[in-house]
2 protein chains.
Amino acid sequence: MARITVKISKSYNVHIGHSLIKSLRVYLSNLNLGKKVVLVTSHSLNNLHSNKLEKELEALGLEVKKYLISDGDISKNISEYFNLINFLSNSKITKSDTIIGFGGSSVIELAGFCAATYHRGINFISIPTSLASMIENSVGGKTGLNLVGIKDLIGVYFYPLVVLCDLDFLETLPEEEWENGLVSLIKYAILIGDDFFDILMQDDYKKYIDKLIEDVVAYKREIVEIDENNLWESHILDLGNIFAKAIMTLSENSIPYGKALAMGINKIAYVSYKSAGLQKRDYNKIINLLEKYNLRLSLPFSLNLIVDTIKNDNNIYNNSFDIALINKIGRCFVEKVPVDRLDEFFV
Amino acid sequence: MARITVKISKSYNVHIGHSLIKSLRVYLSNLNLGKKVVLVTSHSLNNLHSNKLEKELEALGLEVKKYLISDGDISKNISEYFNLINFLSNSKITKSDTIIGFGGSSVIELAGFCAATYHRGINFISIPTSLASMIENSVGGKTGLNLVGIKDLIGVYFYPLVVLCDLDFLETLPEEEWENGLVSLIKYAILIGDDFFDILMQDDYKKYIDKLIEDVVAYKREIVEIDENNLWESHILDLGNIFAKAIMTLSENSIPYGKALAMGINKIAYVSYKSAGLQKRDYNKIINLLEKYNLRLSLPFSLNLIVDTIKNDNNIYNNSFDIALINKIGRCFVEKVPVDRLDEFFV
């Protein structure tokens, strides 16, 4: 059980532990949530857990409205956004009411973008339920929608009132979702190093999942507090992402994020070994870790095609990319790579 | 010629003067605008002025793409937003490029919302060309879209890199647009008082328009620096707005903002005289000022209907409204009025 306070332009707590939903009063009591709560969740979550959450919210005297979306990235689109905003308006949700995102990354990001933009921003509570969303969505306030086939083409940074990572939800997490989150954990093993890396390498990491998630949140908190506006340091959190995004785009999202990220991390480890001082021993440890979990590392598209896709990404800044590289396990850094040096960089 | 620096979470300058567009280099030289600029403007502005602006931007070495929208509030809708985002993506606009909103309020707010949300925020420059937009859009970072008939149902606060109020544009402003802006000036005459009020009352205000706009921007700057998050003090800037919005909604936007605002100010002056300490002498001065400009003050809908519309507004906070009232000319304040006291409050 941990409470980690993220102190940026708006401070908020991330609570991590078991049975948080059953003690909702403890975590929400000091927040001014208004009268109504809109619970945004997915069909699968609704069947499994949302009744319990609804009852707890009602016990706090809140009127609960529910809005269901399909599972997966496909729901982060403009018509779902438009429908949810309509739902908020028709439900007479006011500026003092609250939206709760309850589910995986797509639920959290869609609900967060609605909360950020409805009447120029209303209360938002984030309850990530998948391993990947507990890791990737608990700190940093990223919201986003996919548009015209481009991942997160629109979005804003928007901070929740509070984040609840209730580890009980992991008990019903499908195996495929564990795999997705696991690759994010591997990324943090490389970023954080030490014990964290060893646990993933040697043991049944699920036994230590509480500690691992706490460590990730604490680590991200430090980075985001230094670089809230995502200008430099925060880019190390994107380790492998530049490659993963291009692979996802090329596969028209048929390759899920976790699998694409594994390929991206593999590539970045190789580049780091070739030209960023990563020692052979650490390089091998990283590859061993990826292989231990049977992740496919070979690229499903030619390198040329992937690099061309990266170049065409308009999430580009000053005609160069800020790419996270690995100096050693537990020590990563950001390097600025001009677009026209990208080919040689990745060869 | 004035430069007013707004110091909030993000500082930016508002330049007010003549022929600013001709000296674009002076105002943009220290800003990192990237390679491409998307100029968002309206058909009427395009015919009148945008060639000149385009040439000046190209002279600075920028590649200019242009996106035209229809004049008026009708363009602040979700499909126009979607189209503009698509245009940005197809034009390969990156995170380091720039959007310029060049026109009236609707252009500024649509362009601003796109800049705020495209890739979680890119550079934005605001060049308001109408009197109303120089007054209402130069300070505070409000962006918004209308949805399902509700004004500004979605939006965010987003700050430009710089605001250029080039007073030359007022020379070609249609008479109807002068009227719209004039009512906003009357609002500031009540808020600021003194000279400002006297100029509007006694003279041809157009002779003093430079000073009046500078005074408004300086005044708003002070308020917004105290209350960037629009929690309390900033609500005095909404003097008359609560009524004006309801009238606009009831008329399905056939009554323009300026005319609706005049009715709202008249009503607030009356309520202030009845119950907020506004002296008869000041009350009469306000009514005289409104009448001097032949503004229709009587309500086009029953008071009951308007109050019901206000109550149904979900831009409500903690079940009450923060309503700006007038204690005397030059001294306004905010009062919290519970929803269930609204009927008696407005009688």
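Residues numbered from 1 in each chain as written. Chains lettered and ligands numbered in written order. Predicted model: local features only at pLDDT ≥ 70, side-chain atom pairs only at ≥ 80, totals over all residues. Heavy atoms only, no water.

Caption draft 1: The overall build of chain A, seen in detail. Scanning chain A from terminus to terminus reveals 13 helices and 11 strands. Taking 347 residues into account, the globule formula puts the C-alpha radius of gyration at 20 Å, and chain A, at 20 Å, falls close to it. Seen through its C-alpha atoms, chain A measures out along the principal axes to roughly 60 × 40 × 35 Å. Looking at the 347 residues of chain A, the share that counts as buried comes to 59%. (Helix = DSSP H or I, 4+ residues; strand = E, 2+ residues; numbered from the N terminus. Rg over C-alpha atoms; globule rule 2.2 N^0.38 Å. Buried < 20%, exposed > 50% of the residue type's maximum accessible area, 1.4 Å probe, protein only.)

Caption draft 2: Fine view of the relation of the copies chain A and chain B. Mapping chain A onto chain B calls for a rotation angle of 180° and an axial translation of 0.0 Å; the resulting RMSD is 0.0 Å. Here the transformation between the copies is reduced to the relation of a two-fold axis. Mapped onto chain B, 100% of the interface residues of chain A are again interface residues, and the two copies thus contact each other with one and the same surface. (Least-squares fit on C-alpha atoms with pLDDT ≥ 70 in both. Contact = heavy atoms within 4.5 Å.)

Caption draft 3: Region of interest: the pattern of salt bridges. Residues and elements named next belong to chain A. Evaluation of the coordinates by the stated rule reveals 34 salt bridges over all chains. Of the charged contacts in the structure, one is a salt bridge between glutamate 136 and lysine 220, with a shortest N-O distance of 3.7 Å. Separated by 84 residues along the polypeptide, glutamate 136 in helix H5 (residues 131-136) and lysine 220 in helix H8 (residues 209-226) bring together distant segments of the chain. By relative accessible area, which is 22% here, glutamate 136 ends up partly exposed. In this structure lysine 220 comes out as buried when scored by relative accessible area, which is 3%. For arginine 281, the salt bridge is made with aspartate 282, and the minimal N-O distance between the two is 3.9 Å. (Salt bridge = Lys/Arg side-chain N within 4 Å of Asp/Glu carboxyl O.)

Caption draft 4: Seen up close, the domain arrangement of chain A. Residue and element names in this part refer to chain A. For chain A, the assigned domains are domain 1 (2-172) and domain 2 (180-346). Each of domain 1 and domain 2 has a C-alpha centre, and these two points are 27 Å apart. Listed by partner, the interface residues are 24 residues for domain 1 and 24 residues for domain 2. Buried surface at the junction of domain 1 and domain 2, both sides included, amounts to about 2200 Å², of which 64% is carbon and sulfur. On the surface where domain 1 and domain 2 come into contact, there are 3 salt bridges. Linking domain 1 to domain 2 there are 7 residue pairs in polar contact (both at pLDDT 80 or more). It is H5 that provides the largest number of residues to the side of domain 1 that touches domain 2, a total of 5 residues. Counted by class, the side of domain 1 that touches domain 2 contains 15 nonpolar, 5 polar and 4 charged residues. (Domains from an automatic or database assignment. Buried area = accessible area lost by both parts, 1.4 Å probe. Polar contact = N/O pair within 3.5 Å; in protein donor to acceptor, adjacent residues only side chain to side chain. Nonpolar A, V, L, I, M, F, W, Y, C, P; charged D, E, K, R; others polar.)

Caption draft 5: Highlighting the pairing of strand E6 (residues 123-128) of chain A. Residue and element names in this part refer to chain A. Within E6, 6 of the 6 residues are buried, which leaves it mostly tucked inside the rest of the structure. In the sheet, strand E5 (residues 98-103) pairs with E6 via 6 bridges, with the strands oriented parallel. Note that in E6 the partner of isoleucine 99 across the bridge is phenylalanine 124. Across 2 bridges, the pairing between E6 and strand E9 (residues 162-166) is parallel. Bridging from a neighbouring strand, isoleucine 125 pairs with valine 162 of E9. (Pairing = 2+ DSSP bridges.)

Caption draft 6: Representation of the sheet that holds strand E1 (residues 2-6) of chain B in the model. All names here are of chain B. One open sheet accounts for 7 strands, arranged E1-E2-E9-E6-E5-E3-E4; its pairing is mixed. Whereas interior strands pair on both sides, the edge strands pair on one side only; in this sheet they are E1 and strand E4 (63-69). Taken pair by pair, the neighbouring strands of this sheet meet at an average axis angle of 15°, ignoring direction. Here E1 pairs with strand E2 (residues 12-17) via 5 bridges, running antiparallel. Its bridge partner being in E2, valine 6 is matched across the sheet by tyrosine 12. Relative to the sheet, helix H2 (residues 43-59) contacts strand E3 (36-42), E4, strand E5 (98-103) and strand E6 (123-128), its axis offset from that of E3 by approximately 160°. The sheet strands contacting helix H3 (residues 78-90) are E3, E4 and E5, and the helix crosses E4 at an angle near 165°. (Axes fitted to C-alpha atoms, helices over the stretch in contact; angles between N-to-C directions.)

Caption draft 7: Looking closely at unusual backbone geometry. Residue and element names in this part refer to chain B. Non-glycine residue aspartate 152 carries a positive phi angle of around 50°. Positive phi, close to 50°, is recorded for asparagine 318, a residue that is not glycine. The class of asparagine 318 is partly exposed, set by a relative accessible area of 34%.

Caption draft 8: Expanded view of the packing of aromatic side chains. Scanning all chains against the criterion turns up 22 aromatic pairs over all chains. Here a set of aromatic residues connected by ring pairs shows up, and it is made of A:Trp178, A:Tyr205 and A:Tyr293. Across the ring face of A:Trp178, the terminal group of A:Lys206 is positioned such that the distance to the ring centre comes to 4.4 Å. Just above the ring of B:Phe158 sits the side chain of B:Lys10; from NZ or CZ to the centre is 5.8 Å. (Phe/Tyr/Trp six-rings, centres within 6.5 Å; stacked < 30°, edge-to-face > 60°. Lys NZ or Arg CZ within 6 Å of the ring centre and 35° of its normal.)

Caption draft 9: Geometry of the sheet that holds strand E1 (residues 2-6) of chain A. Residues and elements named next belong to chain A. Reading across the sheet, the 7 strands line up as E1-E2-E9-E6-E5-E3-E4 and stay open at both edges, with mixed pairing between neighbours. In the strand order of this sheet, the two ends are held by E1 and strand E4 (63-69), each with one partner. Strand-to-strand twist in this sheet, taken as the mean axis angle between neighbours without regard to direction, amounts to 15°. Contacts from helix H2 (residues 43-59) reach strand E3 (36-42), E4, E5 and E6 within the one sheet, and its direction differs from that of E3 by about 160°. Running over the sheet, helix H3 (residues 78-90) touches E3, E4 and E5 and is turned about 165° from E4.

Caption draft 10: View of the interface of chain A and chain B. On the chain B side, the residues contacting the 41 residues of chain A number 41 residues. Here chain A packs against chain B, burying approximately 3600 Å² in sum over the two surfaces, 56% of which is carbon and sulfur. Of all residues in chain A, A:His119, A:Arg120 and A:Asn314 give up the largest surface area on contact with chain B, accounting jointly for 21% of the area buried on that side. Close ionic contact of A:Asp152 with B:Arg120 constitutes a salt bridge, the shortest N to O distance being 3.7 Å. There are 10 residue pairs in polar contact (both at pLDDT 80 or more) connecting chain A and chain B. Top element by residues in the side of chain A that touches chain B is H3(A). It accounts for 7 residues. Among the residues forming the side of chain A that touches chain B, the class breakdown is 18 nonpolar, 15 polar and 8 charged.

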